[in-house]
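# Fold and geometry: a report
Listed below are the residues making up each chain.
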There are 2 protein chains.
Amino acid sequence: MKSLIFSLLFISFSGSLYTQSFNNNNLKHYSNIADEIITSSLNDTVGYNLARYLCKNIGSRLSGSENSLKAIKWAEKTLIDMNPDTVWLQPVMVPRWIRGNVEKAVLLNNNLEKTLNVAALGRSIATPEEGINAGVIEVNSFEELIERKNEAKGKIVFFNYRFKNSFVETFNGYGDAVKFRVDGPIEASKAGAAAVITRSITTKYDNVPHVGTIRTFPDSVKEIPAAAIGLIDAEFLSKSLKENPGLTINLKLSARNLKEVLSYNVIAEIKGTEKPDEIIVVGSHFDSWDKGEGAHDDGAPSVQVMEVIDIFKRLNIKPKRTIRCVLFINEENGLRGALKYAEYIDSLKENNIAAIESDRGAFTPRGFTVEADSSVISKMQKWIPVLEKSLIDWVKPGHGGADIGQIKNAKALIGFVPDAQRYFDVHHSDNDVFEEINAREMELGSAAIAILAYLISEEGL
Amino acid sequence: MKSLIFSLLFISFSGSLYTQSFNNNNLKHYSNIADEIITSSLNDTVGYNLARYLCKNIGSRLSGSENSLKAIKWAEKTLIDMNPDTVWLQPVMVPRWIRGNVEKAVLLNNNLEKTLNVAALGRSIATPEEGINAGVIEVNSFEELIERKNEAKGKIVFFNYRFKNSFVETFNGYGDAVKFRVDGPIEASKAGAAAVITRSITTKYDNVPHVGTIRTFPDSVKEIPAAAIGLIDAEFLSKSLKENPGLTINLKLSARNLKEVLSYNVIAEIKGTEKPDEIIVVGSHFDSWDKGEGAHDDGAPSVQVMEVIDIFKRLNIKPKRTIRCVLFINEENGLRGALKYAEYIDSLKENNIAAIESDRGAFTPRGFTVEADSSVISKMQKWIPVLEKSLIDWVKPGHGGADIGQIKNAKALIGFVPDAQRYFDVHHSDNDVFEEINAREMELGSAAIAILAYLISEEGL
């Protein structure tokens, strides 16, 4: 891109495709507030700096871990420093799973004793200390597993289902492939398998295992250990099996499910000036997997909803309705935080009129997907001329979020949708580190969520 | 993002905010073609692999350099291998500027003899071999330069204007700051300065100089050398000047303007089956600066428009109108390729009905900005239900592009607009390398441009 020729045509262009306007004369006022929010976010990068601290000084935050408690204390203190009306911790028991020190898969009777890059899947049990020595059967569907049930007995089942890159929405590619990680272990056990190795669900071709949870085994099915394998090693294993179908692997995992422990949701709120009983939740899950730093999933998005509180406070915006930031614990392997929060608001008969969730990474904003009556969605679509300042191009019907999905009777459950092309490059893996966050992209997300929360607080739904 | 809870709600959702439909019954047909194009782009990553070759095996492509000729030959051969109807080189004389081996700025009478990270700006002349020893005056506006004219005489003028991060559209931040790089040297010379050092125009805080062209000096103004400085060193220099306003710098640059040399635009086309005389240009500039690999500017975008040819050929799509890929040479420091091409089509009275330019990086598609009558733009907006498959959310009035901007009488000059939050992290610098390209983001851009070219070829404008 050249300097001399590139004209000022690009500057100051702010055409909107939406011809509808607000039913009141507040458009100009709201636009000014939106500009203030965006300018402050991009200039001050408060959220980005907090995300650096969370990722680099605390790190990953698996439910029940000591690190997760350290992070919770940090979030509580950080929110208190932002000076909202209330900050509190909501106790909740969470499952505790630990990876342990040993995860190793060695190809035994290959020409060279090659070690494969594996990582235990969440909730997996350990192998015996000496490992499981077993042959391997590669399958690419549950149908194939059932057909080849006799072969699977006593073996390690290797689910080698490839992420379908042709899905434009990477979340759909994830949705297509994730059943093998989630349900694969139970299905393999039903077929008599000794263990499971699953190809990582990722858009990035490297050798980093991408983990995530497996479904809890029902009592009727014997628990077996399960691990993810990096893509390069998955290809290697598949090729090795073609050359030598009789190869065996020694798989050692030391993962364990421990007793439930006490943890907390972190909650902060700014009381509404006119309708304090109408609560707008901005939420994100604060736990992560124990790989990488949980930067995009869901550290930076958690900081985005924390920053919403700070934006209101530092710009002295006094919302008519209450803005409540909720950092939910244990989304990844239990959803206990979200269930506890929902139980709490039910018991108080609180009116959570809307909830916005950030759990798709901290990339450039694109839109909001909304679970609501069409009249509510239509109302929100009229706000596009304000929202588009932060690069929100659309508001569409669609998924809200896993945590806010537990909230009953909200008028709108809203998912923040950033660009997702790179999300599964890093998701649930050692790739998910602070360096993958771009300050501008993240801050525009904070701004977009803050602007929407503000509009709901002023206009209702 | 959790696995179990994330529902299939996200899958298969394809609601459009646009209720208008095509005036014909071709929507389904076009949608199928778009799906084919997208699937092939994302699965085959033809363009991404070509971009790897261009960046890694050839590298940067400054106009007139041997490397640029190597790249032109590679592009010609690559396009021939795609088997379109025509591939040819269009000769054009281009300016030749070389950086030379020496670029060094040493802070002399500081406590330590610190070397600053500088790089000559395009078209800059050399310093004397022993360098320029001069004091430094920091200014942040042309007004300040004029006010402090007496101080500037014989000095190195240090333009330390900061990129305004508050611009949501980074191109606007660039447009705001670039005058100091482009016009700074002439203005400083008018004030009697000996040389210029300019703060790099970038969104990334590191110490990498970002280069780019300066305006050609008019005969009446004495040429002086000019260099860009990395942001960390710009801050250091500014701080040092506050502590010691009398500090001097020894600046050595060996850059030179050589005689013009012969170069080429590369042109390939697929003849239309029904209206071959109506030509749709897909264009990009093939030259780059000599820093980094010219990956996002404008290597990958050049490959995107090359890939449009390949997409039509490999999917056996026979366009009604002619599709012509033009790789323009010398956009960065002369625009000679674009001017030659425009002269050529004028001389033949060719009917270039539309042109689409890719020169804003190879990030995730967002939209198209269009210079055209409003009726033409309205027509294109009706295609959104097809275009949005490749993540094109909007078609708006706006800038087409520097190269296609030379084409007279086109019905539409169209700029492809990807996400631009990271573009100026890499622009014109050693940061602009292949590793900064994401395969999916780039391929969705190829697909978006191909789909739009296809729609124009079928529907006209």
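Along each chain, residue indices are assigned from 1 in the same order as the chain's sequence is written. Each chain gets a letter, beginning with A, and each ligand a number, beginning with 1, in the order they are written. Where local features are concerned, this predicted model is filtered to residues with pLDDT of at least 70; where side-chain atom pairs are given and counted, the filter is 80 or more; whole-chain, interface and lining totals use all residues.

## Concerning the sheet that holds strand β8 (residues 226-229) of chain A
All names here are of chain A. We treat two strands as partners when DSSP finds at least two bridges between them. Helix numbering and strand numbering both begin at the N terminus, where a helix is a DSSP run of H or I of at least 4 residues and a strand a DSSP run of E of at least 2. The sheet built from 8 strands is open, its strands ordered β3-β2-β9-β5-β6-β7-β8-β4 with mixed pairing. Among the strands making up the open sheet, the edge pair consists of β3 (114-116) and β4 (118-120). Strand-to-strand twist across the sheet, computed as the mean angle between neighbouring axes with direction ignored, equals 35 degrees. When strand β7 (residues 195-199) meets β8, the two strands line up parallel, connected through 4 bridges. Across the sheet, the residue bridging to valine 196 is alanine 226, located in β8. Working convention: axes come from line fits to C-alpha atoms, limited for helices to the stretch in contact. Angles between N-to-C directions cover 0 to 180 degrees.

## Digging into the domain arrangement of chain A
Residue and element names in this part refer to chain A. For the purposes of this description, domain bounds are those given by an automatic or database domain assignment. Domain parsing of chain A yields domain 1 (17-96 + 259-459) and domain 2 (100-254). Summarising the inter-unit geometry, the C-alpha centres of domain 1 and domain 2 are found 34 Å apart. Once C-beta atoms are placed from the backbone, any two residues with those atoms within 7 Å are in contact. Of the residues lining the interface, 14 residues belong to domain 1; the matching set on domain 2 comes to 17 residues. Just so you know the grouping, Ala, Val, Leu, Ile, Met, Phe, Trp, Tyr, Cys and Pro go in nonpolar, Asp, Glu, Lys and Arg go in charged, and all remaining residues, Gly too, go in polar. By residue class, the composition of the side of domain 1 that touches domain 2 is 4 nonpolar, 6 polar and 4 charged.

## Brief notes about the sheet that holds strand β10 (residues 256-270) of chain A
All names here are of chain A. Reading across from one edge, β1-β10-β12-β11-β13-β16-β14-β15 is the order of the 8 strands in this open sheet, with mixed pairing throughout. Lying at the two open borders of the sheet, with one neighbouring strand each, are β1 (86-98) and β15 (394-397). Taken pair by pair, the neighbouring strands of this sheet meet at an average axis angle of 25 degrees, ignoring direction. Sitting on the sheet, helix α10 (residues 336-348) is in contact with β1, β10, β12 (321-328) and β13 (351-357), with an inclination near 140 degrees to β1.

## Considerations on unusual backbone geometry
The residue after A:Asp297, namely A:Asp298, is reached through a cis peptide bond having omega 10 degrees. Position of A:Asp298 relative to the elements: it lies in helix α9 (residues 295-314). With phi around 70 degrees, B:Asn330 is a residue other than glycine that occupies positive phi space. With respect to the helices and strands, the residue B:Asn330 is situated in the loop between β12 (321-328) and α10 (336-348). The exposure class of B:Asn330 is buried, given the 28 C-beta atoms found within 10 Å. Of note, the phi angle at B:Leu335 is positive, near 65 degrees, even though the residue is not glycine. Secondary-structure assignment places B:Leu335 in the loop between β12 and α10. Exposure classes come from backbone-placed C-beta atoms, where a residue is buried if 20 or more other C-beta atoms lie within 10 Å of its own, exposed if 12 or fewer do, and partly exposed in between. Judged by local crowding, B:Leu335 falls into the buried class, with 22 C-beta atoms found within 10 Å.

## What to know about the pairing of strand β13 (residues 351-357) of chain B
Residues and elements named next belong to chain B. The element β13 is extensively covered by neighbouring structure, given that 6 of its 7 residues are classed as buried. Of the strand pairs in this sheet, β13 and strand β16 (residues 412-418) are connected by 4 bridges, and their pairing is parallel. Bridge pairing links alanine 355 to leucine 413 in β16.

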